Amino acid sequence: MEVKVLDINGKETGRTITLSDSVFAIEPNKHAVYLDVKQYLANQRQGTHKAKERAEVTGSTRKIKKQKGTGTARAGSVKNPLFKGGGTVFGPRPRSYSFKLNKALKRLARKSAFTMKAQESNLTVVENFEFDAPSTKNFINFLKALGLDNKKSLIVLGDTNKNVYLSSRNLKASSVVTSSELSTYAILNANKLVLLEGALEGIEENLSK
């Protein structure tokens, strides 16, 4: 598929670029996307939750009342989960929520995410650019030129560009990553996906394997 290449001012350069159909025009696999996003979110969880169980609650171990003759149920410990201040039954314990997915499935998920963005016309290609120094103002002007100042956007660079990254760091709605840092979640979480020309080669090379 062919798309127009824009400049930093959001204007057409008069050039087009051909995107690989094997990456940007496949039949999206929604289940692969679901699994990859689920893994990403699971990996963000710290898993440090903990509730004290019966054996861990502080309290006396003496029998709190006699076994018979009280007219109520038997009770042997103040740490009984039925009592206020007692332990928690089957409470959460520290654990890891991460799980593994094979590389082929993760590649399929990313290609599906790219295809979805292309089908929705939410994918833009911009020629390579750099800033002489970090400047949030210049970055905001770049977003305004593309009509992205009020939208959640993801800008994908070919190589690490410190000045562009630092210029975007204070903006909550915009993220800047390199092609090697892309994830299915990041692609789908953005309303608009902006690819620099220098990023396309790395994306297609990684996902065409």
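Above this text is the structure in question.
It should be emphasised that the depicted structure is a prediction, and the values quoted were computed from it without experimental measurement.

**Student:** What exactly am I supposed to notice about helix H3 (residues 103–119) here?
**Tutor:** Think of an α-helix as turning once every 3.6 residues; residues three or four places apart then point the same way. Here H3 spans 24 Å end to end across 17 residues, near enough to the 24 Å set by a 1.5 Å rise per residue. Those residues of H3 that fall on the buried side of the exposure criterion are Ala109, Lys111, Ser112, Ala113, Phe114, Thr115, Met116, Lys117 and Ala118. Contacts made by the buried residues of H3 are with helix H1 (21–24), helix H2 (30–44), strand E3 (123–126), helix H6 (184–189), strand E6 (192–196) and helix H7 (197–207). For H3, the N-terminal cap is Asn102; the gap from its side-chain oxygen to the backbone nitrogen of Ala104 is 3.3 Å.

**Student:** Quick question: what am I supposed to make of the packing of H2 against H3 here?
**Tutor:** Relative placement of two packed helices is described by the angle separating their axes and the distance separating the axes. At a minimum axis separation of 8 Å, H2 and H3 run at an interaxial angle of 110 degrees. Classified by the interaxial angle, the pair formed by H2 and H3 is roughly perpendicular. Two secondary-structure elements touch here, H2 through Lys30, Ala32, Val33, Leu35, Asp36 and Gln39 and H3 through Leu105, Lys106, Leu108, Ala109, Ser112, Ala113 and Met116. Per-class residue counts for the contact of H2 with H3 are eight nonpolar, two polar and three charged.

**Student:** I would appreciate a short explanation of the sheet that holds strand E5 (residues 174–178) in the present structure.
**Tutor:** Note on sheets: strands pair through backbone hydrogen bonds, and any given pair is parallel or antiparallel. Sheet architecture is open: six strands sit in the order E2-E1-E3-E6-E4-E5, paired in mixed fashion. Sheet topology places strand E2 (12–18) and E5 at the edges, where each strand pairs with a single neighbour. On average, each strand axis in the sheet is tilted by 30 degrees relative to the strand beside it, whichever way the strands run. The pairing of strand E1 (residues 2–6) with E2 spans four bridges and is classified as antiparallel. Bridge assignment links Glu2 to a residue of E2, and that residue is Thr18. Seen against the sheet, H7 touches E1, E2, E3, strand E4 (153–157) and E6 and runs at an angle of roughly 95 degrees to E6.

**Student:** What is the right way to read the environment of Asn141 from this model?
**Tutor:** Structurally, the position occupied by Asn141 is in helix H4 (residues 136–145). Taking the relative accessible area as the measure of exposure, Asn141 reaches 40% and is therefore partly exposed. Taking the C-alpha atoms as reference points, Asn141 and Gly10, 131 residues apart in sequence, are found 10.0 Å from one another.

**Student:** I tried to follow the pairing of E1 on my own but got confused; where do I start?
**Tutor:** Between the antiparallel neighbours E1 and E2 lie five residues, among them Gly10 with a positive phi of about 80 degrees. Of the pairings in the sheet, the one linking E1 to E3 comprises two bridges and is parallel in character. Each residue of the ladder has a partner; that of Leu6, found in E3, is Val126.

**Student:** Honestly, the packing of H3 against H7 in this entry has me stumped. Any pointers?
**Tutor:** At a closest axis distance of 10 Å, the pairing of H3 and H7 adopts a crossing angle of 135 degrees. Regarding the angle of H3 to H7, the classification is oblique. Listed contacts from H7 to Arg107, Arg110, Lys111 and Phe114 of H3 are Ile203, Asn206 and Leu207. Of the residues belonging to the contact of H3 with H7, the class tally is three nonpolar, one polar and three charged.

**Student:** What exactly am I supposed to notice about unusual backbone geometry here?
**Tutor:** Glycine aside, a negative phi is what most residues show, and trans is what most peptide bonds show. A positive phi angle, near 50 degrees, is found at Phe90, a position not held by glycine. Inspection of the secondary structure assignment puts Phe90 in the loop between H2 and H3. A positive phi angle, close to 60 degrees, is found at Ser121, a residue other than glycine. Structurally, the position occupied by Ser121 is in the loop between H3 and E3.

What counts as what
- Residues numbered from 1 in each chain as written.
- Predicted model: local features only at pLDDT ≥ 70, side-chain atom pairs only at ≥ 80, totals over all residues.
- Heavy atoms only, no water.
- Helix = DSSP H or I, 4+ residues; strand = E, 2+ residues; numbered from the N terminus.
- Expected span 1.5 Å × (residues − 1).
- Buried < 20%, exposed > 50% of the residue type's maximum accessible area, 1.4 Å probe, protein only.
- Contact = heavy atoms within 4.5 Å.
- Polar contact = N/O pair within 3.5 Å; in protein donor to acceptor, adjacent residues only side chain to side chain.
- Axes fitted to C-alpha atoms, helices over the stretch in contact; angles between N-to-C directions.
- Parallel < 35°, antiparallel > 145°, perpendicular 65-115°, else oblique.
- Nonpolar A, V, L, I, M, F, W, Y, C, P; charged D, E, K, R; others polar.
- Pairing = 2+ DSSP bridges.

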